[in-house]
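Architecture and fold: a report
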Amino acid sequence: MDFKSGSPNNCTNSSSTSCYRWKSAIDLEMTVDKFGPSDLCISIRWRTQLFDPVVKDCFLIDNQYGRWFGGFGGAASFPIGKHVPSTLYLPGESFGEMADRLWLSTNGVAVVAEADFPLYLEVRKDNSGSSRELCVSSWYGYASGVRRMDYSICRSASTSQVHQLIMEKFLKPKNENYEILQSFRQPIFTVNSLADVPTITSSTNYSYIITTDKQNDSQISDRLGVVFSPIYNLPASIDIDLLDADIWIKTDDLDTTRMLRTDGKLSTLANSSSDSMSMLLNRSSDTEELVKISGFDLEAISSDGKYSVQEIETTFQLYTRNLIRKIKDVSDVPVLTSTTANLDRESVVVSLPPIANLQETLRKVLQASMMGYNVLSAGEIGGNLTREAFVRAVQLAVFMPVMEFSLSVLNYDQETLNTWRKWLQIREDLQLVDKMEKYIRDSPYKPLLTPSWWSCVDSATDLTDTQFIFIGRYLIAPILDPTSTSRLVHFPPGLWLRKWLDGSGNGFKDSLYQGKCTEWISADLDELLIFEQYQY
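Residues numbered from 1 in each chain as written. Predicted model: local features only at pLDDT ≥ 70, side-chain atom pairs only at ≥ 80, totals over all residues. Heavy atoms only, no water.

A tally of regular secondary structure across the protein chain gives eight helices and 32 strands. Counting only residues that meet the buried cut, the protein chain has 55% of its 536 residues in that class. Residue pairs in contact within the protein chain that sit at least 24 positions apart in sequence constitute 64% of those at least 6 positions apart. As displayed, the protein chain offers around 23,300 Å² of accessible surface, 47% of which is attributable to carbon and sulfur atoms. (Helix = DSSP H or I, 4+ residues; strand = E, 2+ residues; numbered from the N terminus. Buried < 20%, exposed > 50% of the residue type's maximum accessible area, 1.4 Å probe, protein only. Contact = heavy atoms within 4.5 Å. Areas by Shrake-Rupley, 256 points an atom, 1.4 Å probe, with all protein chains shown as cover.)

Here we take up the nonpolar core. A general tendency of soluble globular proteins is for nonpolar side chains to be buried together. Within the largest apolar cluster, 89 residues are counted, with the highest numbers of intra-cluster contacts made by Phe390, Phe399, Phe405, Trp420, Phe468 and Phe470. Top contributing element to this core by residue count: helix H6 (residues 387-397), with seven residues. Core analysis: the next-biggest nonpolar cluster, separate from the first, contains 21 residues, Trp22, Ile26, Ala113 and Leu134 among them. (Core = buried A, V, L, I, M, F, W, Y, C linked by side-chain atoms within 4.5 Å.)

Counted under the stated rule, the structure contains 16 salt bridges. Close ionic contact of aspartate 27 with arginine 21 constitutes a salt bridge, the shortest N to O distance being 2.5 Å. By relative accessible area, which is 38% here, arginine 21 ends up partly exposed. One salt-bridge network, held together by shared partners, links Glu29, Arg45, Arg47, Arg148 and Asp150. (Salt bridge = Lys/Arg side-chain N within 4 Å of Asp/Glu carboxyl O.)

Turning to the sheet that holds strand S21 (residues 335-337), a few remarks are in order. Think of a sheet as strands paired side by side through backbone hydrogen bonds, with each pair either parallel or antiparallel. Overall, parallel pairing links the eight strands, which are arranged S13-S14-S15-S19-S21-S22-S23-S24 in a closed barrel. The mean angle between the axes of side-by-side strands here comes to 25°, regardless of whether they run parallel or antiparallel. Sitting on the sheet, helix H7 (residues 414-429) is in contact with strand S13 (188-191) and strand S24 (402-406), with an inclination near 165° to S24. (Pairing = 2+ DSSP bridges. Axes fitted to C-alpha atoms, helices over the stretch in contact; angles between N-to-C directions.)

What follows deals with the state of the cysteines. Under the defined criterion, the tally for this structure stands at one disulfide. With its sulfur 2.0 Å from that of its partner, cysteine 41 forms a disulfide with cysteine 154. One quick way to see it: the torsion about the S-S bond of cysteine 41 and cysteine 154 is about 110°, and its sign makes the bridge right-handed. Of this pair, cysteine 41 sits in strand S4 (residues 40-48) while cysteine 154 sits in strand S12 (residues 147-155), placing them 113 residues apart in sequence. (Disulfide = S-S within 2.5 Å.)

Attention shifts here to the pairing of strand S3 (residues 26-34). In this structure, strand S2 (residues 17-22) lies alongside S3, joined through six bridges in antiparallel fashion. Paired with arginine 21 across the two strands is aspartate 27, which belongs to S3. Pairing analysis gives nine bridges linking S3 to S4, with the strands arranged antiparallel. Bridge assignment links glutamate 29 to a residue of S4, and that residue is arginine 45. Counting the residues in the hairpin turn of S3 and S4 gives five residues.

Moving on, we get to the pairing of S4. With seven of nine residues buried, S4 lies mostly within the body of the structure. Inspection of the sheet shows S4 paired to S12 by nine bridges, in the antiparallel sense. Each residue of the ladder has a partner; that of arginine 47, found in S12, is arginine 148.

In contact at an axis separation of 10 Å, H6 and H7 are set at 10° when each is read in the N-to-C sense. Considering the angle they form, H6 stands roughly parallel to H7. In this structure, H6 uses Arg387, Phe390, Val391, Val394, Gln395 and Ala397 to contact H7, whose residues at the interface are Glu415, Thr416, Thr419, Trp420, Trp423 and Arg427. (Parallel < 35°, antiparallel > 145°, perpendicular 65-115°, else oblique.)

Given 3.6 residues to a turn, an α-helix orients residues that are three or four positions apart in the same direction. Between its first and last C-alpha atoms helix H5 (residues 358-370) spans 18 Å; for 13 residues at 1.5 Å apiece the expected length is 18 Å, and the two agree. When we look at burial in H5, the residues that qualify are Leu358, Thr361, Leu362, Val365, Leu366, Gln367, Ala368, Ser369 and Met370. Positive phi appears at glycine 372, one or two residues downstream of H5, with a value of about 105°. (Expected span 1.5 Å × (residues − 1).)

This is the structure:
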């Protein structure tokens, strides 16, 4: 909307607040809050009763305005790319979380939307066709009543400072569950059947064993969990013609049938009367267990063309959130989920998709951490990876709060398994879980893992997303190409001392590297490139 076409109106007596009105029906209120010499936020509030279902604002995000990151709930690439499909976000208490409504730029500017209106995000070309813009909309469909859209634009001296400003002012830290980290000192293993459990218990240490088996025998293990899919296959004999496909998208409870097709089968979101749901909700809270809500392939789901992928995702986000609430109502067990819009409770852990591409995995990890999700897993590591990719994935995963493996990793040869166990031991010897717990407890507004450019961005900074800073102190430069034994390392400002982690000891390699430079450094398969910031 064109600000020049609005008429000022005195809505408050505050000099920091201005108001405008369009067509006697669209109200805009803007308030400026200053928090220091370089810190300020402009709060913007739109209100209208016009029948037009969309209230929209757009911001240019081309490179001259910095690179933009955000919208972790599956919405955006890392950073936001040239084209991102339109994606629905949902309101706060009933639908989503504000952390999914945060966008950061490398020039120290951030946009954060409130969590109590139906938000719609879009990245598109502007009217000239030459620039990209990030658009936020208030999407109410054709329901009657007041349409609103509340968001804030904040500015500070750097990305890290504006991030802290946003976290302190708008977002409750997602770190109240830092104590849960002690429950994940050892890896989580996934097995398909209870018959596979003894294979894990007899061969390695573990925090939990989770299974897709509907039956749960706590006599086999006192740390046995379950993988639960929200998709419930219906009997093949059901009469499809008698089902009304229109009903599944319209409700948000766990008892209404929602019909969908996936992989050629007729399915529904599991309701409270299903055997699998009853089993899940009746689990005892007296034993150490956890629940993992498995992901779903939206592209494989259809509703006879009646609804878009965005509308289907909307229903799944809402449904999964309510499912987690049901589980937490009857038990204190931790819940792992990749549906981050649902993370509003303690003991909920981000579990990213299984690791297939290390570069993409690291991007998702950094995106999640930047958005405030510190207790996370980089994803399950399975036996489908090459030996080299498996070892490199393990080296990355040891710096995550939670490590996940499938039973199939035990099929690797003995040499590979020895390397795997060595890295698990290094994680224990370096007390990485204790370090993560202390960092999250002491620094509730800071991400656990950040890009290496996080605290210092200038024209000479290389905005790489192939390395990261761990607990504000260590530069980790994993080898992301499994066929390579070297890589280019970009050093942030300061001096960096290489830490020698190859199993031969935990001392320091006699190599100091100057910040704001790049070095091509070798690392054999049994080595990890890790550097500690040198303290004078």
